[in-house]
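What the coordinates show
Each chain, letter by letter, is given below.
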Amino acid sequence: MKVDFIRDGDHLRVDDATAAYFNEMDHHEAHAGYHTICRSVYRAAKGVPPALGGDLISQGIDVIRNCIEPGTGAEFSARIDAAIGQSTPPNTTVPLNDEFRADLGALLHQVLSDAVVAMVEHYMGSHFRVVQCQLYRTETGGEPHVSFLWHRDMEPMAQVHIMVYLTASGPDDPGTAFLSVEDTRRLADNGYAFPQFAERIADVAQALPPGAQAPKVIRPDLAAGDATIFGAPRLLHRGVDGRGGKRDVFLVNLLPSLVPWHHDISRFGTGHLFWDDAISDTLLTDPFALILKPAPRFSGKPVSDWVIKGNLLPDGFD
Ligand SMILES: [Fe+2]
């Protein structure tokens, strides 16, 4: 189809008819449609991204060492101590005043180094935007949270999460465990893809037939300042609450864009990246908008086969 672009300062808009065409589709396809347009624009300007290799492409999860300086992580962790007062283990979302938001917004320039930008552009085949950020503390104890059982996040398939560790996470500390895309597909083939809360399990091998090779659990050891980067809708993962430690994380969520991420920041600032309510569903946002806004939670309706399989795009989308 013919897509027309309208230049809008440092941004590009897609013509209304094209946006309406894709927004008529289901939410995953609407986001995939926008993604393919972003890819075609990127390819036309820069050619096919260089083959960087790396674990983000091959298994869907990679580690970024020294994503931020360890001392910066410690400073933010101390500010979390002061901001949360009484925590609510296992997970406490940190309340953020305007100053805290602005400082986290500024931290994005450290997190999204040239190397990280290249990694994400290679993965998506396009530019990307920061869609949303969160700051939270994980501690041992409390009622097990649904995110501590194996799951995939119901969000646009291209979404990438960067979890910047402000505190170190060794084997006994709170952290996140992952399966590769390949093992996740094996589980999907056996009916375990996007389980409802009540159907989520802690031992993922139980979802495979007896005698099947157990999936390899990826649980990187991380120093303060390191980060994990992963495709949360494409990989099974779970939080682990450890044995007495605490983990402070700055979570940065990315989606495809027609222009580099910093164009949004120079034009709109960083305030829009911190969504106030508990509703944080990126899937229901309109991907053709210049700024994505929080939307009501996913309805739970069945999703398409290409989503279940963990593909980046539907068949026939490039
Ligand atoms: Fe998750």
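Higher on the page you've got the structure.
In this report, the structure presented in the accompanying data block is examined. All residue numbers here refer to positions counted from 1 along the written sequence of the relevant chain. The predicted nature of this model means local features are confined to residues of pLDDT at least 70 and side-chain atom pairs, given and counted, to a pLDDT of 80 or more, with totals for whole chains, interfaces and linings taken over all residues.

It is worth spelling out the overall build of the protein chain at this point. In DSSP terms, a helix is any run of H or I states spanning at least four residues, a strand is any run of E spanning at least two, and both are numbered starting from the N terminus. Assigned secondary structure in the protein chain consists of nine helices and ten strands. Taking 20 Å as the expected radius of gyration for a compact globule of 318 residues, we find that the protein chain reaches 19 Å, a close match to that expectation. C-alpha atoms of the protein chain, sized along the principal axes, occupy 55 × 50 × 35 Å. A total of 318 residues make up the protein chain; the buried ones form 40% of that total. We take the radius of gyration over the C-alpha atoms and set the globule estimate at 2.2 Å times the residue count to the 0.38 power. Neighbour counting defines burial: a residue surrounded by 20 or more other C-beta atoms within 10 Å of its own C-beta is buried, one with 12 or fewer is exposed, and intermediate counts give partly exposed, using backbone-placed C-beta atoms.

This paragraph deals with the environment of aspartate 173. Secondary-structure assignment places aspartate 173 in the loop between strand 6 (160-165) and strand 7 (175-178). Accessibility expressed as a C-beta count within 10 Å gives 22 for aspartate 173, which makes it buried. With 69 residues separating them in the primary sequence, aspartate 173 and glycine 242 have C-alpha atoms 4.4 Å apart. Residues are treated as contacting if the C-beta atoms built from their backbones sit within 7 Å of each other. Non-local contacts of aspartate 173, meaning those with residues more than four positions away in its chain, are made with Ala168, Gly242, Gly245 and Arg247.

In plain words, the nonpolar core is the set of buried Ala, Val, Leu, Ile, Met, Phe, Trp, Tyr and Cys residues that C-beta atoms within 7 Å link up. Within the largest apolar cluster, 55 residues are counted, with the highest numbers of intra-cluster contacts made by Val164, Tyr165, Ala227, Ile229, Leu235, Phe250 and Leu254. Discounting residues that sit within four places of it in the chain, valine 164 has contacts with Cys67, Ile68, Val111, Ala227, Val249, Phe250 and Val252. Val14, Tyr34, Ile37 and Val259 belong to the second-largest nonpolar core, a separate cluster that totals eleven residues.

Another aspect to go through is the environment of isoleucine 291. By secondary structure assignment, the location of isoleucine 291 is in the loop between helix 8 (261-268) and helix 9 (305-308). Each C-alpha atom, one on isoleucine 291 and one on histidine 272, is 7.8 Å from the other, the two residues being 19 residues apart in sequence. Those residues in contact with isoleucine 291, other than ones at most four positions away along the chain, are Phe268 and His272.

Quick look at the sheet that holds strand 10 (residues 246-257) now. Here, a strand pair is defined by DSSP locating no fewer than two bridges between the strands. Read from one edge to the other, the open sheet built from six strands follows the order 3-8-6-10-5-4, with strand pairing classed as antiparallel. For this open sheet the edge positions go to strand 3 (61-64) and strand 4 (91-93), each flanked by a neighbour on one side alone. Each neighbouring strand pair of the sheet contributes to a mean axis angle of 25°, computed without reference to strand direction. As paired strands, strand 6 and strand 8 (residues 227-230) are joined by four bridges and run antiparallel to one another. Directly across from methionine 163, in strand 8, lies its bridge partner threonine 228. Between N-to-C directions, angles span 0 to 180 degrees; the directions come from axes that are lines fitted to C-alpha atoms, helices contributing only their stretch in contact. Packed onto the sheet, helix 5 (residues 98-111) meets strand 5 (127-139), strand 6 and strand 10 and runs at close to 75° relative to strand 10.

Looking only at helix 6 (residues 114-124), the buried set comprises Met119, Val120, Tyr123 and Met124. Here the buried residues of helix 6 occupy an arc of 120° about the axis, which is enough to place them on one side. Of the exposed residues in helix 6, the ones pointing more than 90 degrees away from its buried face are Asp114 and Ala115. Tucked inside the fold, the buried residues of helix 6 contact helix 3 (55-59), strand 5, strand 6, strand 8 and strand 10. Positive backbone phi, approximately 75°, marks glycine 125, located one or two places after helix 6. Working definition: the arc comes from the directions between the helix axis and the C-beta atoms, pointing outward to the latter.

Of all six residues in strand 6, six are buried; the element is thus mostly enclosed. Side chains Val160, Ile162 and Val164 project from strand 6 onto one buried face, and the interleaved His161, Met163 and Tyr165 project onto a second face that is buried too.

This paragraph deals with the environment of leucine 258. Tracing the backbone through its elements, the reader meets leucine 258 in the loop between strand 10 and helix 8. Put simply, leucine 258 and histidine 127 are 131 residues apart on the chain and 6.0 Å apart in space, counted from C-alpha to C-alpha. Discounting residues that sit within four places of it in the chain, leucine 258 has contacts with Leu12, Cys38, Val41 and His127.

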